[in-house]
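Given next are the chains, with one letter for each unit.
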Amino acid sequence: MGLIMKTIFRNGKIYTMKNQETVNNPLQAMVVKDDYILDLGTEQYIMGKYLNNKCRVVDLREKTVIPGFNDAHLHIYQYALSNSKIRLNAVTGIEDISRRIKNYIKDRNIVPGKWIEGSGWNDKDFTTPGLPEKEELDLIAPENPLILKRACYHVALVNTRALEICQIDKKTPDPAGGKIERDNQGSPTGVLYDDAIDLVENKIPQKNIKQTKELLQQGFEAAARTGLSSLQTDDFLNIKDPSIILQAYQELAEENKLPLRINLQLRVNQAEEIIKFSRQGIKTGRGNIFFKYGPIKIIADGSLGACTAALRQPYFNKSTKGDLLLSQTDLNRLVSTAYKEDCQVAVHAIGDAAVEMAANSFSRIKTINNPRPIIVHAQLGSPSIYQKMARNKVIAAVQPIFLATDWPIIEDRVGTDRSFHSYAWQSMQQSGIKICGSSDAPIEPFNPLYGIYAAVTRHDLAGNPQGGWHPAEQLSVYDAVKIFTVNPAYQSFEEGIKGTLEIGKLADFTVLSEDIFHLDREKIKDITILGTYVGGKAVYKAKT
Ligand SMILES: [Zn+2]
């Protein structure tokens, strides 16, 4: 092995993604040395120049090669964690929930007293409207504390046992950034919103370092299967002690056990946490080519599905406008503290009030050199908000796959007029905003091909609605691939080493079963990932 200096990947259809033109001019061969691309070009050129007995040669069998996918925002640890819990996707109501939990208790021999955790329910799938309350959950497993999170993670249902253990009662005040739903006597009903969920979450025994590392590895393995070579992940979501996550990543990096390239987004609530991280050397860009600290992540509102995203005008046919989880002044302070500490900032903002507030904060940091501020989600905006974002060079990390889930409820939430400014990626792009693609997994599956499909067709995965939802906002296939490759590399300040396939860049690439650029758009979601390569080494290969 020591003699092998270079690997030649030949006989492929290599799309470098350097520019739009490259979509019509694929190359055939690429030489990789020590993680990096040494050269690429036509079959004849590469084979003529490099082939000798010291080379390993890989035949790409005329398959399509594109830069490795990069998810600009997800929660890989929570993805792995949710796989170890009860999945409640597509449950139709309390009977369905009850049946799944009872099966889970039986299958896994869950003893009384042990926490039962589930996630993925969505009340839009319920046959009877409204959320189940604690009395209904108490019938399922009265001796086990129970917490069931909505698909968006902004709402949780808990039973009486969980409320008792967490000492949440009439006298418990709503925490900052959260709400405990109460009956007319003031007693908790078992429905918790946003940061109130942490009151319960913090009492659930946390995984130790070893378990955390194992879960992360499971997450990376699953991500590699979908062609992802880079992940920008916020893993502090609902985590009591982020130091365990930080240590797990540091150990995996030191042990060279990270198969994918990780950019860890650092969720904070207070300016003091930013300063504390910074003093420990935990700040944007520090690290190596496998593990880097990413932006400071701040949450400004909830979700559209749960009507907790902050809107400028009330929800359609409702009096509520949702809630901002912090004030403009608070956000300004967090943003300026982060940039003072040389950190990039990503703000979770879904409703137009939150998106506007984030854009306002970012407009105050003009003096900072190259800040690349990020708004994660930016689901509802307006032409003037998009202009403000573009003026301040705000990156939008959007989730095309959300459209597949949300299109049937958007008009119900915001009415027809505002629906035209929802998930409006073509408009955003035309305003000059750089868009990055992401999944927000485990909220949605992280397969980037689903995201690309949704961005291109504006369909859900069953192909609905016909013609696409607000089809004027469709992206071209090139642009849709770009938001999952080129642009996320820019988001993490790594456009010099990844995002496109060019000499001197990392040999991170994905092999597809079909030529995504010359394929019926409806078939994009069915493309198979044949291989995922990081630094020229296969981290996933499909069985053939
Ligand atoms: Zn998220």
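As recorded by an unreviewed UniProt entry, the chain carries the name Amidohydrolase family protein and is attributed to Iocasia fonsfrigidae.

Next up on the list: the sheet that holds strand E5 (residues 55–59). The strand order across the open sheet built from 4 strands is E4-E3-E1-E5, with neighbouring strands paired in mixed fashion. Among the strands making up the open sheet, the edge pair consists of strand E4 (36–41) and E5. Sheet twist, expressed as the mean angle between neighbouring strand axes with direction ignored, is 20°. Relative to strand E3 (residues 29–33), strand E1 (residues 6–10) runs antiparallel, the two sharing 3 bridges. Residue pairing in the sheet places Ile8 in a bridge with Val31 of E3.

In spatial order, the strands read E8-E9-E10-E11-E13-E12; together these 6 strands make up an open sheet with mixed pairing. The sheet is open, and its two edges are formed by strand E8 (86–87) and strand E12 (178–182), each paired on a single side. Of the strand pairs in this sheet, E12 and strand E13 (residues 188–194) are connected by 4 bridges, and their pairing is antiparallel. Looking at E13, one finds that Ile180 is bridged to Leu192.

Quick look at the pairing of strand E21 (residues 509–512) now. Burial of E21 is two-sided: the residues Phe509 and Val511 facing one way and the residues Thr510 and Leu512 facing the other way are all buried. Of the strand pairs in this sheet, strand E6 (residues 64–67) and E21 are connected by 4 bridges, and their pairing is antiparallel. Directly across from Thr64, in E21, lies its bridge partner Leu512. Across 4 bridges, E21 lies against strand E22 (residues 529–534) in antiparallel orientation. When the bridges of E22 are listed, Phe509 appears paired with Tyr533.

A few words on the environment of Gln379. Inspection of the secondary structure puts Gln379 in the loop between strand E18 (374–377) and helix H12 (383–391). C-alpha of Gln379 to C-alpha of Ser419: the two residues are 40 residues apart in sequence and 9.9 Å apart in space. If we ignore the near neighbours within four places in the chain, the residues touching Gln379 are Leu304, Ala349, Ile350, Gln399, Phe402, Asp406, His421, Ser422 and Tyr423. Polar contacts involving the side chain of Gln379 include one to the side chain of Tyr423, which spans 2.9 Å.

Parameters at a glance
Residues numbered from 1 in each chain as written. Predicted model: local features only at pLDDT ≥ 70, side-chain atom pairs only at ≥ 80, totals over all residues. Heavy atoms only, no water. Pairing = 2+ DSSP bridges. Helix = DSSP H or I, 4+ residues; strand = E, 2+ residues; numbered from the N terminus. Axes fitted to C-alpha atoms, helices over the stretch in contact; angles between N-to-C directions. Buried < 20%, exposed > 50% of the residue type's maximum accessible area, 1.4 Å probe, protein only. Contact = heavy atoms within 4.5 Å. Polar contact = N/O pair within 3.5 Å; in protein donor to acceptor, adjacent residues only side chain to side chain.

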